[in-house]
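Structural overview for review
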Amino acid sequence: ILRQIKFYLVGNITGWDINNPWEIITDKKPDRFGKVFYTYLKLTAGDEFKFFKTKGDWGSGYGNNGAIAGGFNTGYNLGGNFSITTSGLYRLTLDVENNKAYIQQKQVGIVGQMQGWNPTAPIYGGYAGRDKFIIVANSAPSDEFKLHDGSAGSPWTFGVKDDRWWGDAGGGNLDNDGNGANLSAAATRVRAIWNGTNPQQVKFDKSPATEMRVVGNGMQGVPDWNPGASPQMTYNGNGVWTITLTLVANKEIKFLSGNDWGAFDYEDNSGGSTATGTPRSIKWDGSDNFKTPAATGSYTITLNEHT
């Protein structure tokens, strides 16, 4: 008999809908499988939530049953809501075997040769949504690294409430205990994406971040949709690129991190906005292109991969 093991989060951040909870990540480290679950998300002061074992069952909650050193007591159908007093990025961890919960301010970054293999000071990037982080970091092509959420005590301690790290398990998957192969930068600047949106298998994406081009049919004096002939943006650090161009009204552009199709690219997540001076959100799933403004003219474009 096979049963896929799942745990969920319900709170004001999910609309308190027990029938549509957020599934959280199953820790597949062998000695924790089916016992420990976690998630990374952005919380605002005043947010409240509980962990739940069964979708649709309010009686299957694991709540706050009293603070302990570094965490909380919990248990099946025990305790009130957990609440947050400080806004920020958090890792929420539920240890079902020991009836403990840990609410910690953490996010995923890079630890590797480019920063001296120092787990107390990862290179952090941006929060791209629940259980998804993107980090652009300067590197040498020979640099190796792991994805890591920062030390919570002794460096490289993999206790339930301590730091976590992940190595390459092959096929775009990350391993369960950090003992897999290191990831290779293979570029003078690397873009790494930690993706836990499939709660049953944490994945990664890695690509060179040595260039970023504006490609499309909306630039004056630039061939339409020709990556190799398209202008390159200037990298300003911390995931930020800029360029000033003459844009042609009511056309389209996108951002491409190479001189040919197939390179990592960004599309529009603003619903087709043509506004200027207002941020438009980005995504990288092959969706719609960005619209150029309603008036032809010279414009400065800022692309911020971390925000």
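Structure first, text after, so check above.
Overview of the structure.

The rules behind each value
- Residues numbered from 1 in each chain as written.
- Predicted model: local features only at pLDDT ≥ 70, side-chain atom pairs only at ≥ 80, totals over all residues.
- Heavy atoms only, no water.
- Pairing = 2+ DSSP bridges.
- Helix = DSSP H or I, 4+ residues; strand = E, 2+ residues; numbered from the N terminus.
- Axes fitted to C-alpha atoms, helices over the stretch in contact; angles between N-to-C directions.
- Buried < 20%, exposed > 50% of the residue type's maximum accessible area, 1.4 Å probe, protein only.
- Lys, Arg positive; Asp, Glu negative; His and termini not counted.
- Salt bridge = Lys/Arg side-chain N within 4 Å of Asp/Glu carboxyl O.
- Contact = heavy atoms within 4.5 Å.
- 1 Å grid on protein atoms, 1.4 Å probe; cavity = no way out; pocket = protein on both sides within 12 Å on 5 of 7 lines; lining within 4 Å.
- Points joined across faces, edges and corners; volume = space filled by probe spheres on them.
- Nonpolar A, V, L, I, M, F, W, Y, C, P; charged D, E, K, R; others polar.
- Polar contact = N/O pair within 3.5 Å; in protein donor to acceptor, adjacent residues only side chain to side chain.
- Phe/Tyr/Trp six-rings, centres within 6.5 Å; stacked < 30°, edge-to-face > 60°.
- Lys NZ or Arg CZ within 6 Å of the ring centre and 35° of its normal.

On to the sheet that holds strand β30 (residues 297-304). With antiparallel pairing, the three strands of this open sheet are ordered in space as β24-β25-β30. Each edge of the open sheet is held by one strand with a lone partner, namely β24 (234-237) and β30. Sheet twist, expressed as the mean angle between neighbouring strand axes with direction ignored, is 25°. One ladder, built from three bridges, connects β24 with strand β25 (residues 240-247); its direction is antiparallel. When the sheet's bridge partners are listed, Gly237 is paired in β25 with Val240.

The residue Lys132 is located in strand β15 (residues 132-138) in this model. In this structure Lys132 is buried but unpaired, with Asp285 as the nearest side chain of opposite charge at 8.0 Å. If we ignore the near neighbours within four places in the chain, the residues touching Lys132 are Gly126, Tyr127, Ile193, Trp194, Asn195, Thr197 and Trp284.

Moving on: the environment of Met219. By the element assignment, Met219 lies in the loop between β23 (213-216) and β24. Sequence separation between Met219 and Lys291 is 72 residues, and the spatial gap between their C-alpha atoms is 11 Å. Look past the residues within four positions of Met219 in its chain and what remains in contact with it is Val214, Pro231, Leu245, Thr246, Leu247, Val248 and Ile253.

Okay, empty space enclosed by the protein next. Considering all chains together, one arrives at one cavity of 30 Å³ or more under this definition. Computed from the structure, the largest cavity encloses a volume of approximately 120 Å³. If you go around the largest cavity, you meet 15 residues; those closest to its centre are Thr26, Lys28, Tyr38, Asn176 and Val202.

Here the focus is the layout of surface pockets. The calculated volume of the largest pocket comes to roughly 750 Å³. Along the walls of the largest pocket sit 31 residues, with Pro279, Arg280, Ile282, Phe290 and Thr302 positioned nearest its centre. At the level of secondary structure, the elements contributing two or more residues to the lining of the largest pocket comprise β14 (126-129), β15, β26 (252-256), β28 (282-283), β29 (290-291) and β30. In terms of residue count, β30 provides more of the lining of the largest pocket than any other element does, six residues in total. Its residues placed into classes, the lining of the largest pocket shows 15 nonpolar, 11 polar and five charged.

This brings us to the sheet that holds strand β3 (residues 25-26). To summarise the sheet geometry, strands pair through backbone hydrogen bonds and adopt either a parallel or an antiparallel arrangement. The sheet built from six strands is open, its strands ordered β3-β4-β10-β11-β8-β7 with antiparallel pairing. If you trace the sheet from one side to the other, it starts and ends with β3 and β7 (67-68), each paired once. Here two bridges tie β7 to strand β8 (residues 71-73), and the two strands are oriented antiparallel to one another. Bridge pairing in β8 links Ala67 to Phe72.

Turning our eyes to something else, we now look at the pairing of strand β16 (residues 144-148). β16 sits mainly inside the fold: four of its five residues count as buried. Summarising the sheet, β16 and strand β17 (residues 165-166) pair through two bridges and their orientation is antiparallel. Pairing of His148 across the sheet is with Trp165, part of β17.

Here Asp265 lies in strand β27 (residues 265-268). What makes Asp265 buried here is its relative accessible area of 16%. Of the polar contacts made by the side chain of Asp265, one reaches the side chain of Lys254; its length is 3.0 Å. Each residue touching Asp265, except ones within four places of it in the same chain, is listed here: Lys254, Phe255, Leu256, Lys283 and Trp284.

What follows deals with the packing of aromatic side chains. For the structure on display, the rule yields 20 aromatic pairs. Ring centres of Phe264 and Tyr266 lie 5.1 Å apart, and the angle between their planes is 90°; this geometry places the pair in the edge-to-face category. Across the pair, exposure class does not vary: Phe264 and Tyr266 are buried alike. Judged by centre distance (6.0 Å) and plane angle (80°), the ring pair of Tyr266 and Trp284 falls under edge-to-face. With Tyr266 in strand β27 and Trp284 in the loop between β28 and β29, this residue pair connects regions lying 18 residues apart in the sequence. Members of the aromatic cluster, each reached through a chain of ring pairs, are Tyr38, Tyr40, Tyr127, Phe133, Trp166 and Trp194. The ring of Tyr38 has Arg164 sitting right over it, with the charged end atom 4.2 Å from the ring centre. Directly above the aromatic system of Tyr235 lies the positively charged group of Arg189, at a separation of 3.9 Å from the ring centroid.

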